[in-house]
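Summary of structural features
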Amino acid sequence: MVKKIAILAGDGIGNEIMEQALKVMRAMSLPLEYESGLVGGVAYAAHGHPLPECTLKLAKESDAVLFGAVGDYRYDTLERHLRPEQAILGLRKALGLFVNLRPAICFPELTSASSLKPELVAGLDLLLVRELTGDVYFGQPRGRRKSPDGFFPGAEEGFDTMRYSEPEVERIAHVAFQTAMGRKKHLVSVDKANVLETSQLWRDTMNRIAKEYPEVTLEHMYVDNAAMQLVRAPKKLDVIVTGNLFGDILSDEAAMLTGSIGMLASAALNEKKQGLYEPSHGSAPDIAGKNIANPLAQILSAAMMLRYSLDMPDEAVAIEEAVKQVLRQGYRTGDIWSEGCTKVSCSEMGDAVVKALR
Ligand code: IPM
Ligand code: MG
């Protein structure tokens, strides 16, 4: 059966990088059907909402969503529920995408682009498993009010609620342990159990689920220490599992270790393996339309989509190998360029990957 992909390019550089990913997939003649929809600022401009009903419907009826990026300074002053970021949060919630896989891989050719010493990151290949539909991101109650107590009773205050239920932690724990089973069988669970009740429940649950995976070594780390270990000795980490907020922060840190956030893909999955795939970088409105953005994270997101949602692991590997080959051939977009390499545009990079596929 032909599988259906929703193409949501979004704002900023979204369109130009998406075009390259489509180019690559079309060159492989995959049995896929593509349908585009508007999301983010462009959707707000056309429909008055960053995640219009029609886009949500398209996403729900697709096997996977290939997502570009959202966000544009023109919409930064909108009320929070209309800001482009709400589109991504809305999709995560509506599709129940509770698993977020964020690989941080340091490609050998780009070792010197890292802000850390090359020997600390050469060969780095870690995977952050972030819970994506719970925590303080979605916890109720939240809001603004006159403070009922605290240091300044009666003052205006903002509040959010960090919360996780046991089943929410259990299901992400299973994903993390299974992921670890397929890798080095070493899992680090990150929390703040020395301070937070939510984290204590998280830790207890991880320990209980660990008994079902006796081959996996489970280690717990407080989030502040994890932030430090990531820059001290990142290669000692393999699979990390953590909640939504800590995962948001640590995944940006892990991405930066690799030298270019322009290279990193990510996946958000639900229990039916329906997924949303997006580059880890943002919409970069400052360089949009200039054909200079790095399309490799978008192309690698397509590869992740083939692997995790579409059961096409060989095709995923083919794309990943093609990307490695263009790097070996010395092609670089501006963000990863260094002396002696060939500087290429966004579309030339797409063409190079297509050529490397053959
Ligand atoms: C991410 C982003 C989002 C998040 C924003 C855009 C809502 O930072 O995917 O990491 O905080 O989850
Ligand atoms: Mg983030």
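Residues numbered from 1 in each chain as written. Chains lettered and ligands numbered in written order. Predicted model: local features only at pLDDT ≥ 70, side-chain atom pairs only at ≥ 80, totals over all residues. Heavy atoms only, no water.

**Thoughts on the sheet that holds strand β4 (residues 99–105)**
Pairing is mixed in the open sheet, where 10 strands are placed in the order β2-β1-β3-β12-β11-β4-β5-β10-β8-β9. With one partner strand each, in any of the chains shown, β2 (32–36) and β9 (217–222) form the two edges of the open sheet. Within this sheet the neighbouring strands show an average axis-to-axis angle of 20°, counted without direction. Summarising the sheet, strand β8 (residues 186–191) and strand β10 (residues 239–242) pair through four bridges and their orientation is parallel. In the strand pairing of β10, L187 is matched with V239. In this fold helix α3 (residues 53–60) packs onto β1 (3–10), β2 and β3 (64–69), with an angle of close to 140° to the strand it touches most, β1. Strands β1, β3, β4, β5 (125–131) and β12 (275–279) of the sheet are contacted by helix α4 (residues 85–95), whose axis makes an angle of about 155° with β12. (Pairing = 2+ DSSP bridges. Helix = DSSP H or I, 4+ residues; strand = E, 2+ residues; numbered from the N terminus. Axes fitted to C-alpha atoms, helices over the stretch in contact; angles between N-to-C directions. Contact = heavy atoms within 4.5 Å.)

**Examining the domain arrangement of the chain**
Its domain assignment divides the chain into domain 1 (1–98 + 270–358) and domain 2 (102–260). If you average the C-alpha positions of domain 1 and of domain 2, the two centres end up 24 Å apart. Opposite the 17 residues of domain 1 that make contact, domain 2 presents 16 residues. When the two sides are added together, the surface that domain 1 and domain 2 hide from each other amounts to roughly 1,500 Å², 65% of it contributed by carbon and sulfur. Its largest share of buried area at the contact with domain 2, domain 1 owes to R92, K93 and F98, together 40% of the area lost on that side. Our enumeration of links across domain 1 and domain 2 arrives at two residue pairs in polar contact (both at pLDDT 80 or more). When residues of the side of domain 1 that touches domain 2 are traced back to their parent elements, those giving at least two are α4, α10 (296–308) and α11 (313–328). The class makeup of the residues in the side of domain 1 that touches domain 2 is seven nonpolar, two polar and eight charged. (Domains from an automatic or database assignment. Buried area = accessible area lost by both parts, 1.4 Å probe. Polar contact = N/O pair within 3.5 Å; in protein donor to acceptor, adjacent residues only side chain to side chain. Nonpolar A, V, L, I, M, F, W, Y, C, P; charged D, E, K, R; others polar.)

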